[in-house]
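# Survey of secondary and tertiary structure
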Amino acid sequence: MTEWLNVILQGVLIGGLYAMFAAGLSLIFGVMRLVNIAHGDLIVLAAYVALMVTQTLGLDPLTSLLLVVPAMAIIGYALQRLLLNRTLGDDLLPPLLVTFGLSIIIQNGLLELFTADSRKLQAGAVETMTYQIGTGIWVGLLPFIQFVVAVAVIAALQVLFYRTALGRAFRATSDDQSVAQLMGLDTRHVFAMAMALSLAVVAIAGVFLAVRSNFDPAIGPARLIFGFEAVIIGGLGSMWGTLAGGVILGVSQAIGAQIDPGWQLLAGHIVFLIILAVRPQGLFPKVSG
Amino acid sequence: MSEQGRYRVEHATRSSRIGVGLIVIVLLALALAPFWGDRQMLRLLAELLTFVALASLWNLLAGYAGLVSVGQQAFVGLGGYLLFAMVILGGVHPIAAIFIAGPIAALVSIPVAALTFRLRGAYFAIGTWVVAEVFRLLASQVSVLGGGSGISLPAAAVIAMAPTRQAREFEIYWLALALTVMVLAAIVALLRSRHGLALTAIRDNEVAAQSNGIDVTRVKLIVYVLTAFGTAMIGALIFLMKLRISPDTAFSVNDWTAFVIFITVIGGIGRIEGPIVGTIIFFFMRQTLSDLGSLYLLIMGAVAIVVMLWAPKGLWGLIAERYGWQALPLQRQLVFDDDARRASDKRA
Amino acid sequence: MRDAPLLQVDAIDVFYGDFQALFGVSLTVERGHVVAVIGANGAGKSTLLKTIAGLMQPRRGSIRFNGAAIDNAPAFAVVKRGIALVPEGRRLFPSLSVEENLKIGGQSGRPGPWTLSQIYKLFPVLSERRHLPATALSGGQQQMAAIGRALMSNPDLLLCDEISLGLAPIIVRDIYAQLPAIVGDGMSLVIVEQDIAQALKAAAQVYCLQEGRIALQGAARDLTREAISAAYFGV
């Protein structure tokens with residue numbers, strides 16, 4: 001019994017990471033209906049940026065966020081202004097193909113620069129600290145921090161979306177681009193800000209991913225898929241739903257892995273497909289307003 | 001002159017008549033390739049042909065039916081694994097296995113469509129990718145087919161195809177040529193049929209097509225199933241040529257989807273000639289840039305982005321628009337007999 | 001500079017792809033004046049307003065506002081120079097509350113008399129419903145919110161596209177009754193209307209568009225009903 005509780009708890013905590021993968025994806029889909037195929041590769045790119053920052057400046061991974069987050073946000077802004085804004089329109093192929101191309105470029109660029117070797121960020125003592133919270137139930141400090149950060153990120157996005165002028169601009173632009181322009185909003189800038197924000201979240205997710213496990217240039221697409229599944233499970237357009245989606249995916253994978261290590265990913269995909277079959281609008285769809 | 005007699009619908013144009021002539025010559029040359037090309041050339045041509053077929057199928061799916069899938073590797077891999085399963089476990093002849101793999105994959109694609117069609121647009125794309133991942137993970141659970149590390153085709157089954165290595169290579173090459181021609185011919189036939197008109201309408205404007213009484217979902221489902229059929233047969237052939245299969249190679253998103261999409265877009269999406277032109281460019285780039293290692297893939301991605309943004313109709317699209325060429329008689333053109341007569345009067 | 005007209009549209013040609021919607025249209029708006037643009041459906045009235053607001057760019061001709069050329073400026077820059085458009089069909093943002101819709105109108109940051117509290121004074125019903133989603137308002141209230149949203153940018157020139165469309169006559173009268181309060185601050189107004197009587201009552205200058213061309217223009221009091229209907233219907 002306690003064994004299963006531990007498994008579920010670990011699944012919940014990893015779910016926070018998946019929710020962060022999903023939040024950035026959901027954000028830009030919400031604002032500009034763009035599905036970014038390179039999202040997972042950008043998470044991996046953030047991990048490599050963190051690797052360089054920690055190695056050259058001798059910072060620990062969590063402190064490196066102070067540099068990695070703004071760096072990724074700037075990359076996001078530039079990417080949107082210079083490239084992705086050109087792909088937006090009624091046709092869904094251009095954004096899909098261009099982000100697919102970007103995915104290939106990032107993967108092979110990283111391969112060229114860093115080889116295919118596995119890397120990992122070392123966070124020191126934080127990594128091994130665990131606390132007993134009940135008889136036989138243990139929580140690692142790092143997964144716990146990661147989950148708390150994920151909840152904080154989702155809460156911050158929620159506040160930003162519904163309480164700030166930028167959030168208002170995001171929602172207005174999402175509703176009606178041309179009228180948004182009549183309000184003095186430069187939609188190209190609004191979209192670029194959304195991508196900057198998305199990649200800021202990607203940066204946090206990338207650093208936690210890199211501390212938690214090994215990474216190499218090829219692991220991006222799987223992260224995209226986890227994020228995508230969490231978005232759909234949670235229901236499009238709902239930030240807290242995204243967190244729930246991430247947790248459900250994390251728990252499914254943890255239970256699958258407990259049954260048979262080969263079933264970890266499969267269990268997650270199958271739960272996703274079941275939810276798609278019985279409740280295609282997701283578990284917590286946005287209340288239409 | 002009766003009201004009906006005043007015009008007729010023609011498919012052919014002058015360029016397409018020349019095109020058909022050229023195609024016949026190229027096909028003859030390709031059919032005779034074993035007598036003029038060396039082994040390496042045959043292998044390259046066979047591989048090129050399979051990419052023409054895969055890209056043409058994806059073009060049908062995305063360019064005509066608007067189903068932008070990034071999960072076609074599901075059916076490439078399924079076809080490959082079906083062939084290996086039939087040959088290894090059932091003792092089926094490899095060539096027969098190719099033709100059985102098609103219908104099985106078509107059957108499998110129906111429940112897949114039932115699920116993924118619930119997702120719209122770009123989410124459909126990633127949904128198909130998830131399905132391909134599920135196939136990959138399931139394949140690595142099948143231990144009789146080598147599990148995660150894969151398996152080779154038993155030597156006995158290979159030898160049973162043809163006694164000598166050369167005969168086998170000829171056989172596989174001709175098979176690749178025949179299958180690719182069959183796939184292309186089927187696509188042309190489909191596009192010239194009643195469904196083809198509906199598909200072109202959907203390509204041009206889905207909402208208008210729907211309101212003109214076309215059952216868009218049904219047409220899309222038909223195309224999805226047919227594409228799975230063809231893709232799985234080509235997949236089976238690809239892994240018969242490779243003689244070895246593993247989950248990662250069989251269900252590779254880069255090999256069977258990313259490059260196939262790049263080929264189609266670079267050549268010209270929504271045109272039958274596009275994938276052929278794209279494949280030739282792709283192989284040309286691969287042969288000249290392969291020394292660069294992974295940089296070559298990076299360049300490929302960049303070229304695809306540039307073409308998509310600055311020449312969204314692809315290279316064939318540019319040519320076709322400038323010169324009004326079409327290699328295959330697919331477009332319907334209304335020819336007014338009065339105009340034709342007036343034109344001939346003028347000449348006389 | 002004071003004597004130059006506020007807005008001077010000079011011989012603009014506007015296209016949707018290959019389709020030409022406006023042919024050499026010219027129009028002048030003086031400071032503090034109300035100008036009406038009338039015409040049948042599809043005459044190009046909305047296109048004219050969209051082009052002035054910067055949502056479309058003229059292929060030929062020029063648009064000068066406050067002495068500066070704006071014909072190549074994008075809509076978001078035109079707002080900052082002082083032109084606001086109340087679009088046809090109101091087009092409030094459904095994801096935003098009534099108050100957020102108004103606040104986003106003030107996003108451009110132009111100073112001036114119009115603040116949230118001034119708008120609520122003009123349209124008290126909006127104040128009562130400010131926390132509701134914009135979609136919860138009635139048609140007339142939505143039109144008030146759309147006008148309020150445009151006013152929040154403190155424009156020198158307000159463009160109103162078919163503000164009476166789909167509203168009950170009594171509500172139209174209410175909204176038009178507020179016009180003097182709006183123009184009182186020296187703001188200029190261009191109203192596009194199919195309701196000719198309403199337009200003539202409100203405006204000093206009238207332009208009549210027919211199939212993308214100016215068919216008639218003049219002071220409202222000088223124009224005869226016959227001249228207008230001839231220009232309107234092209235008969």
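Residues numbered from 1 in each chain as written. Chains lettered and ligands numbered in written order. Predicted model: local features only at pLDDT ≥ 70, side-chain atom pairs only at ≥ 80, totals over all residues.

### With respect to the overall build of chain A
Along its length, chain A carries 11 helices and two strands. The helix and strand sequence of chain A, counted from the amino end, reads α-α-α-α-β-β-α-α-α-α-α-α-α. Taking the principal axes of its C-alpha atoms as reference, chain A extends roughly 60 × 50 × 35 Å. Of all intrachain contacts in chain A linking residues separated by at least 6 positions in sequence, the fraction that spans at least 24 positions is 74%. (Helix = DSSP H or I, 4+ residues; strand = E, 2+ residues; numbered from the N terminus. Contact = placed C-beta atoms within 7 Å.)

### Concerning the overall build of chain B
Across its full length, chain B carries 17 helices and four strands. Out of the 348 residues in chain B, the part that is buried amounts to 41%. For chain B, long-range pairs separated by at least 24 residues make up 79% of all intrachain contacts whose partners lie at least 6 apart in sequence. (Buried ≥ 20, exposed ≤ 12 C-beta atoms within 10 Å, placed from the backbone.)

### Focus: the arrangement of the chains
Of all two pairs of chains that touch, the greatest number of contacts is found between chains A and B. Chain B shows no contact with chain C. Their nearest C-alpha atoms sit 17 Å apart.

### A short note on unusual backbone geometry
All names here are of chain C. In this model, N66 sits at a positive phi of 50 degrees, which is unusual for a non-glycine residue. Among the secondary structure elements, N66 is positioned in the loop between β4 (60–65) and β5 (68–69). Taking the number of C-beta atoms within 10 Å as the measure of exposure, N66 has 17 and is therefore partly exposed. Look at E211: it is not a glycine, yet its phi comes out positive at around 45 degrees. Looking at where E211 falls in the secondary structure, it is placed in the loop between β9 (205–210) and β10 (213–219). For E211, a count of 14 C-beta atoms within 10 Å translates into the label partly exposed.

### What to know about the sheet that holds β9 of chain C
All names here are of chain C. Read from one edge of the open sheet, six strands run β6-β7-β8-β3-β9-β10, paired in mixed fashion. Lying at the two open borders of the sheet, with one neighbouring strand each, are β6 (83–86) and β10. In this sheet, adjacent strand axes meet at a mean angle of 15 degrees when their direction is disregarded. Both β6 and strand β7 (residues 157–161) contribute to a ladder of four bridges, which runs parallel. The residue bridging A84 from the neighbouring strand is L158, located in β7. Taken strand by strand, helix α6 (residues 139–151) contacts β6 and β7, and its axis lies near 170 degrees from that of β6. (Pairing = 2+ DSSP bridges. Axes fitted to C-alpha atoms, helices over the stretch in contact; angles between N-to-C directions.)

### Some words on the interface of chain A and chain C
By convention, interface size is frequently given as the accessible area that disappears when the constituent parts associate. In this complex, chain A contributes 16 residues to the contact, which on the side of chain C involves 23 residues. Among the secondary structure elements, those contributing two or more residues to the side of chain A that touches chain C are α6 (165–175) and α7 (177–182) of chain A. With six residues, α6 of chain A is the largest single contributor of residues to the side of chain A that touches chain C.

### Here we look at the sheet that holds strand β1 (residues 7–16) of chain C
Residue and element names in this part refer to chain C. Taken in spatial order, the four strands make up an open sheet running β2-β1-β4-β5, and their pairing is antiparallel. A single partner strand is all that each edge strand has here, and the edge strands are β2 (19–29) and β5. Both β4 and β5 contribute to a ladder of two bridges, which runs antiparallel. Looking across to β5, one finds that R64 is bridged to A69.

### Things to note about the pairing of β10 of chain C
Residues and elements named next belong to chain C. As judged from the six bridges shared by β9 and β10, these two strands associate in the antiparallel manner. Directly across from L209, in β10, lies its bridge partner I214. Between the end of β9 and the start of β10, which pair antiparallel, lie two residues, with E211 showing a positive phi angle near 45 degrees.

### Topic: the interface of chain A and chain B
Facing the 29 residues of chain A at the interface are 32 residues of chain B. No other element matches the 13 residues that helix α4 (residues 93–114) of chain A contributes to the side of chain A that touches chain B.

### Looking at helix α9 (residues 194–204) of chain B
Residues and elements named next belong to chain B. Listed in full, the buried residues belonging to α9 are H195, A198, L199 and I202. Buried residues along α9 cover an arc of 100 degrees about the axis, so they all sit on one side. Looking at the buried residues of α9, the elements they touch are α3 (39–64), α8 (165–192), α10 (206–211) and α11 (216–242). (Arc of directions from axis to C-beta.)

### Side note on the nonpolar core
In this structure, A46 and V207 of chain A together with L159 of chain C are the most contacted members of the largest nonpolar core, which totals 278 residues. At 20 residues, the largest contribution of residues to this core is made by helix α8 (residues 187–212) of chain A. Residue contacts for A46 of chain A: discarding those within four places in its chain leaves V68, M72, V202, A203, G206 and V207 of chain A. (Core = buried A, V, L, I, M, F, W, Y, C linked by C-beta atoms within 7 Å.)

### A look at the packing of helix α3 (residues 61–82) of chain A against α8 of chain A
The N-to-C vectors of α3 of chain A and α8 of chain A enclose an angle of 145 degrees; their axes lie 7 Å apart at closest approach. Considering the relative orientation of α3 of chain A and α8 of chain A, their crossing is right-handed. (Left-handed = near helix turned anticlockwise from the far one by under 90°.)

### Regarding the confidence of the model for chain B
Model confidence for chain B is summarised by a mean pLDDT of 86, while 89% of its residues fall at 70 or above. Long-range and interchain partners of residues 339–348 of chain B, a stretch whose pLDDT sits below 50, account for one contact in this model, where long-range means more than four residues apart. (pLDDT = per-residue confidence, 0-100.)

### Focus: the environment of L249 of chain A
Along the chain, the position of L249 of chain A falls in helix α10 (residues 239–259). Separated by 152 residues in sequence, L249 of chain A and L97 of chain A have C-alpha atoms that sit 27 Å apart.

### Considering helix α16 (residues 314–323) of chain B
All names here are of chain B. G314, W316, G317 and A320 are the residues of α16 that are buried. Mapping the buried residues of α16 onto a view down its axis gives an arc of 105 degrees, with all of them on the same face. Exposed residues lying more than 90 degrees from the buried face of α16 are R322 and Y323. Residues of α16 that are buried in the fold lie against α13 (253–267), α14 (274–289) and α15 (294–310).

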